[in-house]
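Chain residues, written in single-letter form:
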Amino acid sequence: MGDEIRIDCEIERLIFDSEKIRNVAIYQGDNEVTKAFARYAIGKYEPTYSSIFDEKIMGPKTDFFLQSVIEKHCNNNYLINLIDTPSLTDSNNFMRSIRVVDGIVIVVSARGVSESVEIVLSKTLRYGIKPIIFINDLEHPINDLKSNPDELHERLNRIVRNVNELICIYAPLDKKQEWQVDLNNGSVMFGSIYKNLAFDIAFMNEKGIDFKDIPDYFNEDNIQHLSKSPIFSVLNRQIVEHLPSAKDAQTYRISKMWKDNLESDEGQSMVHTSSEGPLSAMMIKNALYNIPFAICRVYGGTLKKGDEIHLAESEEKFCIESVEFNISPKGLIREIDELPAGNIAYIKNVKNAGFATACLRENKITEFKEAEKDDDGLEIIAASIDLANHDEYRV
């Protein structure tokens, strides 16, 4: 009970400190693998869902699964909100899911950079969402190709170069260099989701691990290695260090999603992540699922339990029954009374909203721009990447 009280107090403190909030999506391409990665990322090892999505209570599982964790880094606590995105085959819900986050962890195969990774980069960078990458499936070069340490290092560097070329193509002009990922600065991880293993250069230096030691972690006979480098031990530090806070991200992201006057009270509240301004929130939900929960990102103002919410896109209105965090790794469901700007949480009593802009009756706002209904979801802009080595670039 003492731990739960401390968690409640820390959540209530952190939600009002938007510089300590990280709102992050995870994309892998396979929904179940992405969910496993998200669970490992917050230290939950068993592939079980929280009771908030117990099928017996709520019907089918939603495509949007939000988990939160409090991460201590350099003597400060941070609130990390992780949402696992649907695959690109569900393009509408994929685009909705990335609209409520500021950063994304993209899982890239050690076989090479695929077309789906390019699509994800093009879509997310369009909305000012900063990427870091996790190079997965190290079993392939280590066990299948029998790569030596130098060959493994070169393979990782080649994937990083390919990703950076794509960032140069799709990132906003002022972010093309700033958002480059780097094997040496900690914005690139590598390992195996299947084995719940992750490394980066900083972690390797801290633990005295060399590239020649990594194959030992993939030797089935050396099971003692498997618990020494779990995904959460590397990923959460990278999220805090390399992905933007809600406060920083909203200064450049709002203009990409909201096309009204940024100098208005509503615009300034969102740009400056002010909890005191008019309520401006974005809600996403898979309308196919008969559940009363939606995920809500508050960009300006404060959403409060009991508020009567109006949807800018329609005449629909409803009363907020509860605001909830799913706190991991223990899967604690925590209700809070209010959700200030910069935060993401579940809200209850939402009936139909697939993508909607929430406001209060006395402060009607222009709706957020829905993701473009274009046909370029599977069209790839030609990238200057060497495709000669087909085993390095899987398409």
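As the structure is a computational prediction, the values presented were derived from the model and not from experiment.

Colleague: Which residues make up the packing of helix α5 (residues 115–126) against helix α7 (residues 149–170), and what values do they have?
Modeller: Closest axis-to-axis distance for the α5/α7 pair is 9 Å, and the angle between their directions is 35 degrees. Relative to α7, the crossing made by α5 is right-handed. Contacts between α5 and α7 involve E118, L121, S122 and L125 from the first element and V163, L166, I167 and Y170 from the second. When grouped by side-chain class, the residues that make up the contact of α5 with α7 number six nonpolar, one polar and one charged.

Colleague: Got a sec to walk through helix α10 (residues 231–242)? Specific residues and values, please.
Modeller: End to end, α10 covers 16 Å across 12 residues, agreeing with the expected 16 Å (1.5 Å per residue, within 8%). Counting buried positions along α10 gives nine out of 12 residues, so the element sits mostly inside the fold. The set of residues buried in α10 consists of I231, V234, L235, N236, R237, Q238, I239, V240 and H242.

Colleague: Mind laying out the packing of helix α4 (residues 91–99) against α5, listing which residues take part and the relevant values?
Modeller: Put simply, α4 and α5 touch, their axes get as near as 10 Å, and they point 45 degrees apart. Comparing the axis directions of α4 and α5 gives the class oblique. The two elements α4 and α5 cross, and the hand of that crossing is right-handed. Judged by residue contacts, F94, M95 and I98 of α4 engage V120, K123 and T124 from α5.

Colleague: Can you tell me about the pairing of strand β9 (residues 293–300), naming the residues and giving the values?
Modeller: Most of β9 is tucked away, with eight of its eight residues classed as buried. In this structure, strand β8 (residues 280–284) lies alongside β9, joined through five bridges in antiparallel fashion. Paired with S280 across the two strands is G300, which belongs to β9.

Conventions used here
- Residues numbered from 1 in each chain as written.
- Predicted model: local features only at pLDDT ≥ 70, side-chain atom pairs only at ≥ 80, totals over all residues.
- Heavy atoms only, no water.
- Axes fitted to C-alpha atoms, helices over the stretch in contact; angles between N-to-C directions.
- Helix = DSSP H or I, 4+ residues; strand = E, 2+ residues; numbered from the N terminus.
- Left-handed = near helix turned anticlockwise from the far one by under 90°.
- Contact = heavy atoms within 4.5 Å.
- Nonpolar A, V, L, I, M, F, W, Y, C, P; charged D, E, K, R; others polar.
- Expected span 1.5 Å × (residues − 1).
- Buried < 20%, exposed > 50% of the residue type's maximum accessible area, 1.4 Å probe, protein only.
- Parallel < 35°, antiparallel > 145°, perpendicular 65-115°, else oblique.
- Pairing = 2+ DSSP bridges.

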